[in-house]
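Secondary and tertiary structure notes
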Amino acid sequence: MPRRPAALDDYASAVPQIILSSTDADFLDHLIPVLKDAGHSRRTAALTQCLTRYSEDREADIERIGLTKHEEFLDSVSNLQRIRESTVSLTAEILELNQSIQTSTEQLAEQKGALVNTKSIRQNIADAAEALKDSLKVLHAVNNAHDLVRQKNYYSALKSLEDLQNEHLVPILQNRYATQHKLADVIQKSIPGSRKAISEAVMADLNTWLFRVRETSQFLGEVAFYHTEMRRSRLRQRVEEDQFLSNFRLNSSIELLCDESQEFDVLDNEELQVTFTPLFEALHIHDTLGQSDRFRSEYAATRRQQKDLLLPTSVDLLTDNEASLSSLLEGIAGFAIIEKETMRRLPHLRSAADVSDHYRFTLLRALCLLTGSHQVEELWESMCGAAMNLTARALDDVVNAEVLLKIKGFIALFVQTMEGWGYSVSTLDTFLLTLFDKYAELLKHRFSEDFQEIVSTDDYMPMAINSRAEYEKVINVSWFIQGQPLEDVTFPCVLPFSQMYPLCCIDVRNFLNQFYFFSDDHFQHAEVIDETLRKSLDELLTEKVCRSLVERLSSQYLGQIVQILINLEHFEIACQELEHLLIRARSSSSAGGPLKLNATEGFRSNKKTAEKRIFELVNSKIDDLVDTAEYDWLANDVAAEPSNYMQTLTRYLSNIMNSTLLGLPREIKELIYFDALSHAANKILALPLSAEVKHINSNGVAALALDVQYLTEFVSSLENGQMLRENLDELQQTISLMQSDSHDEFFDISVRNKKYGRVDAQNGPILLEK
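Here the residue index of a chain counts from 1 through its sequence in written order. Local features in this predicted model are restricted to residues whose pLDDT is 70 or higher, and side-chain atom pairs enter the listing and the counts only when it is 80 or higher, whereas totals over whole chains, interfaces and linings include all residues. The side-chain quantities take in all heavy atoms of the structure and omit both hydrogens and water.

Once that is clear, we can look at the overall build of the protein chain. Secondary structure elements follow DSSP: runs of H or I no shorter than four residues count as helices, runs of E no shorter than two count as strands, and numbering proceeds from the N terminus. Secondary structure summary: the protein chain contains 26 helices and two strands in total. A 1.4 Å probe rolled over the protein chains alone gives each residue an accessible area, and that area as a share of the maximum for its type sets the label: buried under 20%, exposed over 50%, partly exposed in between. The buried share of the protein chain, taken over its 770 residues, is 42%. Throughout, a residue-residue contact means that at least one pair of heavy atoms, one from each residue, lies within 4.5 Å. Considering only contacts in the protein chain between residues 6 or more positions apart, those separated by 24 or more positions represent 74%. A total accessible area of about 42,200 Å² is found for the protein chain, and carbon and sulfur atoms account for 51% of it. All accessibility values rest on the Shrake-Rupley procedure with a 1.4 Å probe; residue burial counts only the protein chains present in the view.

Shown next as structure tokens:
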């Protein structure tokens, strides 16, 4: 059992135990605790003093023993001397050992202090390592968020920042003594900046997407137009197979149902793919950031700016390049399709409401849908209005109706495409009316020139036909009632009208076709076409054909006047046929009832004018011929043959009847002849009534009677001569009166009424007196 260590400074009991140790090991076991406690110099001195006192006590004991036991004492002295020597040596060793122990103790103390310091450092290092570990977690979360931003995984970056804040920063910041407090505070302050950076990165991606969308808009519109054109073709093919489908327009329910099998996504096809992922992500990110209102506002402003960039300052309607109307309409269509698809996929994108109450959210969401749709419609109306204004300004440069028809085709394709996307096309429909007015004006101007040229260059001769093919062409384009079957017609032949008539008929048919070309595809105002066509056609026929023909009635050439009359007759028939044709061709939406062309009455009434002009020319010729009469009223001999003027007059009447007037209708010819004979009789009767003729003898009366008889025989030889002779009754009865020997019969009313009833009551006495 180990000895109990001595108490501090109790070396008196310890020294004997040290000295009396049986072995060196035991000696050291007792000495080391004492030396350990004697670490200080004061204690070492006390130990040395105790050892010295012990030594002195032993010497006194030895002296006392030596006095009593000398030999033993001497032996003891010798032993003691040896012991002393050993003790001195041991003391030296002890001192050395003490010094060594003291040095070791100091080193040990230093090492212990160093150990304590090392433990403190190690603890600090551990604490620092733990803090660094926690800080590294925070930094790792921060770096992860930034890596997600670089990877364009913005929502995950936001969630990472949120997790960083909730899991790391908030607990650290709540513990103000935490070693990571300053770091957490710095990172916490940087989070708004990081969120802003995410917002800016999202907006940068969105702006890139918007730019690409803007660049793609025209191609998207082109693809949409092509798809609409394909639907048109399929609809026309179905109409050819089933006429019932002609009652249904493009974009109608029936058309959409029939075309249901031909699915085509203009936003996702082989040629074009438009993804809305950047927009979805941007809206979702800003909703998460609580910035949805600002985002919607900025997005709407950006789209308005893009709309403005989409619209050029002018449009060239005469070219087919990037500045053309088709390119503009394709760009607008692509823009509007993107807007409509955006509204379909993100119906609340245009809203500015952010509420938490469910009822208010439901109500405001409905309002947002209406508001968003309203904003899209505003953009649509703005683009359409601007495009139509640009087109209207450029219309002044268009002088070709075919160009307008092409423009109408572009707009119609645009209307049908966008109508299928649910857009209002009222503005475009209204503009089509303006375009149609311009189209009608150009058509009327062009055909006015055509009609004017046809009328002015006509030869006003019956049209000669040399072959059956030529005859059929003329008959097919003209409104002409054939007098005999085609099989019985021999060639060459002559048609009654001049060349201007079939040429005008061709132009009229072309004019009709050109007008109705405008109603193809999409035009909601067919009744406007019907009415405008009627007015324009009426004006052309009245002003450019009828009036031009009437103006040429001033000609002195009877054959031309007769031909004009014949042409007027056929134009009247053509107008009547046109009235029926226009009734059949007008749309079902137009008002019903009869349709009248003013030109019909114009041609009819001016036939009378032409007839009067013929009367004038024939009568003028008769006047000229009768004025050449040279009667010798007091001749000495009876005339042997009719006068030259009478022979020429009858020959003239025969010639015009068999040549010039041959093409006229029979009733008109008879009327002209009737009037000509009546005028000739009056003119002949006026010869003896002339004031220059004072006296007439029987030979003069006989010469006049011979001429009248010659005229009567000529009239009797004509067709309907019996009726035409009535025009000569007064002349014949007057000659009979002048040849009568009983002049008193004229003054007897009963006899006069019976024999001279047609003789003028005033002219009879004058002639009898002469």
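Attention now goes to the nonpolar core. Counting 175 residues, the largest nonpolar core has Trp380, Ile411, Phe414, Ile614 and Leu653 as the members making the most contacts within it. A total of 13 residues in this core trace back to one element, the largest contributor, which is helix H13 (residues 426-457). Other than its neighbours up to four places away in sequence, Ile614 contacts Leu558, Ile561, Val562, Leu565, Leu661, Leu664 and Ile672. Within this scheme, the nonpolar core is defined by two criteria: the residues are buried Ala, Val, Leu, Ile, Met, Phe, Trp, Tyr or Cys, and they are joined through side-chain atoms within 4.5 Å.

Side-chain rings of Phe, Tyr and Trp (the six-membered ring for Trp) are treated as a pair once their centres are within 6.5 Å; stacked means planes under 30 degrees apart, edge-to-face means over 60, and tilted covers the remaining angles. As enumerated under the stated definition, the model contains 16 aromatic pairs in all. With a centroid separation of 5.9 Å and 80° between ring planes, the pair formed by Tyr631 and Tyr645 is classed as edge-to-face. Linking Tyr631 in the loop between helix H18 (598-626) and helix H19 (644-660) with Tyr645 in helix H19, this pair joins segments that are 14 residues apart in sequence. Tyr645 shares its class with Tyr631; the two are buried. One aromatic cluster in this structure is built from Phe480, Phe497, Tyr501, Phe571 and Phe603.

Note on geometry: axes are C-alpha line fits, over the in-contact stretch for helices, and angles between N-to-C directions span 0 to 180 degrees. In contact at an axis separation of 10 Å, helix H9 (residues 292-310) and helix H10 (residues 325-345) are set at 165° when each is read in the N-to-C sense. As summarised for this structure, H9 and H10 are arranged roughly antiparallel, according to the angle between their axes. Handedness of the crossing formed by H9 with H10: left-handed. On H10, the residues that touch Tyr299, Arg303, Gln306, Lys307 and Leu310 of H9 are Leu328, Gly331, Ile332, Phe335, Ile338, Glu339 and Thr342. These descriptions rest on fixed angle ranges, namely under 35 degrees for roughly parallel, over 145 for roughly antiparallel, 65 to 115 for roughly perpendicular, and the rest for oblique. Left-handed describes a crossing in which the near helix is turned anticlockwise from the far one by less than a right angle; the clockwise case is right-handed.

Take a nonpolar patch on the surface next. There is a patch of nonpolar side chains on the surface, built from Leu132, Leu136 and Leu139 and spanning about 270 Å² of accessible area. Of note, Leu136 is situated in helix H4 (residues 70-150). Within this analysis, patches are made of residues with over 30% relative accessible area and no salt bridge. Like charges are joined at 9 Å or less; nonpolar side chains (Val, Leu, Ile, Met, Phe, Trp, Tyr) at 5 Å or less. Each reported salt bridge corresponds to a side-chain nitrogen of Lys or Arg within 4 Å of a carboxyl oxygen of Asp or Glu.

Right, let's talk about the packing of helix H20 (residues 666-685) against helix H21 (residues 698-716) for a bit. Where H20 meets H21, the axes come as close as 12 Å, and the angle between the chain directions of the two elements is 175°. Judged by the inter-axis angle, H20 sits roughly antiparallel to H21. Residues Tyr673, Leu677 and Ile684 of H20 form the contact with H21, whose own contacting residues are Leu704, Leu711, Phe714 and Val715. Just so you know the grouping, Ala, Val, Leu, Ile, Met, Phe, Trp, Tyr, Cys and Pro go in nonpolar, Asp, Glu, Lys and Arg go in charged, and all remaining residues, Gly too, go in polar. Looking at the contact of H20 with H21, its residues break down into seven nonpolar, no polar and no charged.

Mapped onto the elements, Val759 comes out in the loop between helix H25 (749-755) and helix H26 (763-769). Sequence separation between Val759 and Gln732 is 27 residues; the distance between their C-alpha atoms is 8.9 Å. Discounting residues that sit within four places of it in the chain, Val759 has contacts with Glu730, Gln733, Thr734, Leu737, Phe746 and Gly764.

Moving on, we get to empty space enclosed by the protein. Residues are called lining when one of their atoms sits within 4 Å of a cavity or pocket point, these points coming from a 1 Å grid over the protein atoms alone, where a cavity is a set in which a 1.4 Å probe fits but cannot get out and a pocket is an open set with protein on both sides within 12 Å along at least five of seven lines. Grid points are joined across faces, edges and corners, and a volume is the space filled by probe spheres set on the points. Scanning all chains against the criterion turns up one cavity of 30 Å³ or more. Here the largest cavity defines a volume of roughly 30 Å³. Along its surface, the largest cavity is lined by Trp479, Cys504, Cys505, Val508, Leu541, Phe571, Ala574, Cys575 and Leu578. Residue assignment for the lining of the largest cavity shows that the elements contributing at least two residues are helix H15 (500-517) and helix H17 (558-585).

Since one α-helical turn is 3.6 residues long, residues separated by three or four positions face the same way. Among all positions of helix H23 (residues 729-739), only Leu731, Thr734, Ile735, Leu737 and Met738 are buried. Across the axial projection of H23, the buried residues extend over an arc of 160°, all falling on one side. Where H23 is buried, its residues touch H20, H21, helix H24 (744-747) and H26. Throughout, the arc means that of the directions going from the helix axis to the C-beta atoms.

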